[in-house]
Amino acid sequence: MEQISTEQRVGLDGLHDVYIKKYGADIDLIKKEVGSGDIYENSLATAMLAKDGVWCECKDLPTEFTGAAGIPYQTRFVSTEEAISLLANIRNQSITKIEENYRYSDLFVLYEQEGIANPAGAFSLHYDFAEGGPAIRTRVNGIFQPHVLPLYFRSRTTRLITSENSQSQDGVLFCLKQPGDVHLLVEIPYGEE
């Protein structure tokens, strides 16, 4: 695995400074409210699971933080095969089964630590939707690797209307690759707005 170059590190440090100025207090508040608990990590990301909440952040990518305090979340451990299949299903649903009632859909995948500097090391898919209409902004970056379990992936979905027939729910899902064949999967449902 290649290390992040000095030039890339300087760029990330600058991004970190901007991000911390904008979101640092919110991140600190979530971490404080979640408190201490069980830590899971790999070379790319750290996750904290506690009775009062959960958070996960990428170590070298300051803009990738997900967390929630004071709401229930679900945790389970999945095999490599299950995680790859889930990721493929999320990606395929995002591409082929976009429903008209979606407001926001986002998938972010990191295969390697220097993923954002190497197009083969990351994949992202992002849709914003006009109310009741087509995607108003779509971005796809990087290369999706359908048979590789990434170090980390995260999906966020928000819909305008939810139905009882829907198999997905609004919220965040993230998976953190662990040693061996058992990986952390966390689902954080969004509350009522």
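Note that residues are indexed from 1 along each chain, following the sequence as it is written. For a predicted model such as this one, the threshold for reporting local features is a pLDDT of at least 70, and the threshold for listing and counting side-chain atom pairs is 80 or more; totals across whole chains, interfaces and linings nevertheless cover every residue. In computing side-chain values, all of the structure's heavy atoms are included and hydrogens and water are not.

J.: I'd like a rundown of the overall build of the protein, residues and numbers included.
T.: A count of helices and strands for the protein gives 2 helices and 11 strands. Taken from N to C terminus, the helices and strands of the protein fall in the order α-β-β-β-β-β-α-β-β-β-β-β-β. Contact between two residues is taken to exist if any of their heavy atoms lie within 4.5 Å; hydrogens are not considered. Contacts in the protein between residues at least 24 apart in sequence constitute 54% of all its contacts with a sequence separation of at least 6. Each accessible area value is a Shrake-Rupley result obtained with a 1.4 Å probe; residue values ignore everything except the protein chains displayed when judging cover. Summed over its atoms, the accessible surface of the protein is roughly 10,900 Å², and 50% of this surface lies on carbon and sulfur atoms. Numbered from the N terminus, helices here are DSSP runs of H or I no shorter than four residues, and strands are runs of E no shorter than two.

J.: Account for the sheet that holds strand E1 (residues 38-41), with residues named and values stated.
T.: What makes two strands pair is DSSP finding at least two bridges between them. Pairing is antiparallel in the open sheet, where 4 strands are placed in the order E1-E2-E3-E4. Single-partner strands in this sheet number two, and they are E1 and strand E4 (65-69). Strand-to-strand twist in this sheet, taken as the mean axis angle between neighbours without regard to direction, amounts to 10 degrees. Summarising the sheet, strand E3 (residues 53-58) and E4 pair through 5 bridges and their orientation is antiparallel. Its bridge partner lying in E4, Gly53 is registered against Ala69. In this analysis, axes come from line fits to C-alpha atoms, helices being fitted only over the stretch in contact, and the angle between any two N-to-C directions falls in the range 0 to 180 degrees.

J.: Can you explain the side chain of Thr66? Please cite residues and give values.
T.: Mapped onto the fold, Thr66 is located in strand E4. Within polar-contact distance, the side chain of Thr66 engages the side chain of Arg156 at 3.0 Å. Setting aside its immediate chain neighbours within four residues, Thr66 contacts Val54, Trp55, Cys56, Tyr152, Arg154, Arg156, Val172, Phe174 and Ile188. In protein, a polar contact means a hydrogen-donor-capable atom and an acceptor-capable atom, both N or O and within 3.5 Å, with residues adjacent in sequence counting only if both atoms are side-chain atoms; elsewhere, any N or O pair within 3.5 Å suffices.

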